[in-house]
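One letter stands for each residue in the lines below.
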Amino acid sequence: MNVKKTTYVIGLTGGIGSGKSTIANLFGELGVPIIDADVVARQVVEKGSPLLAQIAEHFGTEILTPTGELDRAQLRQRVFQDETEKNWLNQLLHPAIRTEMLNQLSAQRAPYTLLVVPLLIENKLTNLCDRVLVIDVSPQTQLTRAAQRDNNSLEQIQRIMQSQVSQKERLQWADDIINNDRELADNFIHLQQKVLELHRFYLTLAGKTND
Ligand code: ATP
């Protein structure tokens, strides 16, 4: 990492609908700070930001809502199936998101911080992390849960899954794994227990590193 290290970093990742937010919340309940890449991705293009100005210059001001916010649905449409525009946007956003995540990490003083990044592996961000925690579910579970939550078609979910690394490849990056296939109603206590175990383990690791 190219900033002064003030906190041990656990990268939490998993495919669409795997339960990243659900499990990050359990760490949050234990007082662990969470930096969420999706939140950071919105912060870097907030109203008045230099990046939003560049986006409006490139795509035209019709990419903004009447109140000057980024019109995300429209931006998605503009880059959908246009590789050149998608690459232009990614080359603008990815470095900014990475820098902002590093800034937020360097402001942390907790023993460890959870960095929740859906595309941690795909976007080659594992080098920001001291350890990688993968939330693992079967592709079937992903399909069912993501379709239920988003009211999306199975085909749409499948397309997103195909744009992400496979379950097998994701697991190859894992230092730690939480399996989240079982229904929460039957498994909540076990999940809480597993999170608490990892929490204690991470505190020990962080203590060794940050001393
Ligand atoms: P995404 O990356 O797609 O935003 P995510 O990995 O953050 O998703 P969540 O939003 O935590 O996943 O979970 C996806 C959906 O599945 C949510 O509706 C959540 O309530 C539900 N869910 C998560 N874990 C379980 C579980 N063990 N049993 C039943 N439902 C679950």
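Cut-offs and rules
- Residues numbered from 1 in each chain as written.
- Predicted model: local features only at pLDDT ≥ 70, side-chain atom pairs only at ≥ 80, totals over all residues.
- Heavy atoms only, no water.
- UniProt positions renumbered as here; feature names shortened; annotations may be inferred.
- Near = heavy atom within 4 Å.
- Polar contact = N/O pair within 3.5 Å; in protein donor to acceptor, adjacent residues only side chain to side chain.
- Areas by Shrake-Rupley, 256 points an atom, 1.4 Å probe, with all protein chains shown as cover.
- Phe/Tyr/Trp six-rings, centres within 6.5 Å; stacked < 30°, edge-to-face > 60°.
- Helix = DSSP H or I, 4+ residues; strand = E, 2+ residues; numbered from the N terminus.
- Buried < 20%, exposed > 50% of the residue type's maximum accessible area, 1.4 Å probe, protein only.
- Domains from an automatic or database assignment.
- Buried area = accessible area lost by both parts, 1.4 Å probe.
- Salt bridge = Lys/Arg side-chain N within 4 Å of Asp/Glu carboxyl O.
- Nonpolar A, V, L, I, M, F, W, Y, C, P; charged D, E, K, R; others polar.

In the annotation of an unreviewed UniProt entry, the entry for the protein chain reads Dephospho-CoA kinase, and the organism field reads Haemophilus pittmaniae. According to the UniProt record, the Pathway (unreviewed entry) comment for the protein chain is "Cofactor biosynthesis; coenzyme A biosynthesis; CoA from (R)-pantothenate: step 5/5."

> I'm lost on the site of the ligand in this one. Help?
In the neighbourhood of the ligand, 14 residues make up the surrounding shell, with Lys20, Ser21, Thr22, Arg149 and Asn180 lying closest. Residue glycine 17 places a main-chain N or O atom 2.9 Å away from an oxygen atom belonging to the ligand. One nitrogen or oxygen atom from the side chain of threonine 22 is found 2.5 Å from an oxygen atom belonging to the ligand. Protein chains shield 77% of the accessible area of the ligand, which is 620 Å² for the free molecule.

> Would you explain the packing of aromatic side chains in this entry?
Aromatic ring pairs are reported here in terms of the distance separating the ring centres and the angle at which the planes meet. All told, the structure shown has four aromatic pairs when counted by the stated rule. Consider the rings of phenylalanine 27 and tyrosine 202, whose centres lie 6.4 Å apart with planes at 20 degrees: the pair is stacked. A residue pair is termed long-range when its members are at least 10 positions apart, and phenylalanine 27 in helix α1 (residues 20–29) and tyrosine 202 in helix α9 (residues 184–210) qualify at 175 residues. For tyrosine 202, a relative accessible area of 0% translates into the label buried. Consider the rings of phenylalanine 59 and tryptophan 88, whose centres lie 5.7 Å apart with planes at 85 degrees: the pair is edge-to-face. A residue pair is termed long-range when its members are at least 10 positions apart, and phenylalanine 59 in helix α3 (residues 50–59) and tryptophan 88 in helix α5 (residues 83–106) qualify at 29 residues. Residue class for phenylalanine 59 comes out buried when judged on its relative accessible area of 3%.

> Just checking my understanding: could you explain the domain arrangement of the protein chain for this structure?
How big an interface is tends to be stated in terms of accessible area lost as the parts join. Here the domain parsing of the protein chain yields domain 1 (7–33 + 111–210) and domain 2 (38–107). Using only C-alpha atoms to locate each centre, domain 1 and domain 2 end up separated by 25 Å. At the boundary of domain 1 with domain 2, total buried surface from both sides reaches about 710 Å², with 72% on carbon and sulfur atoms. The tally of links between domain 1 and domain 2 comes to zero salt bridges. The interface formed by domain 1 and domain 2 holds one residue pair in polar contact (both at pLDDT 80 or more) in total. By residue class, the composition of the side of domain 1 that touches domain 2 is six nonpolar, four polar and one charged.

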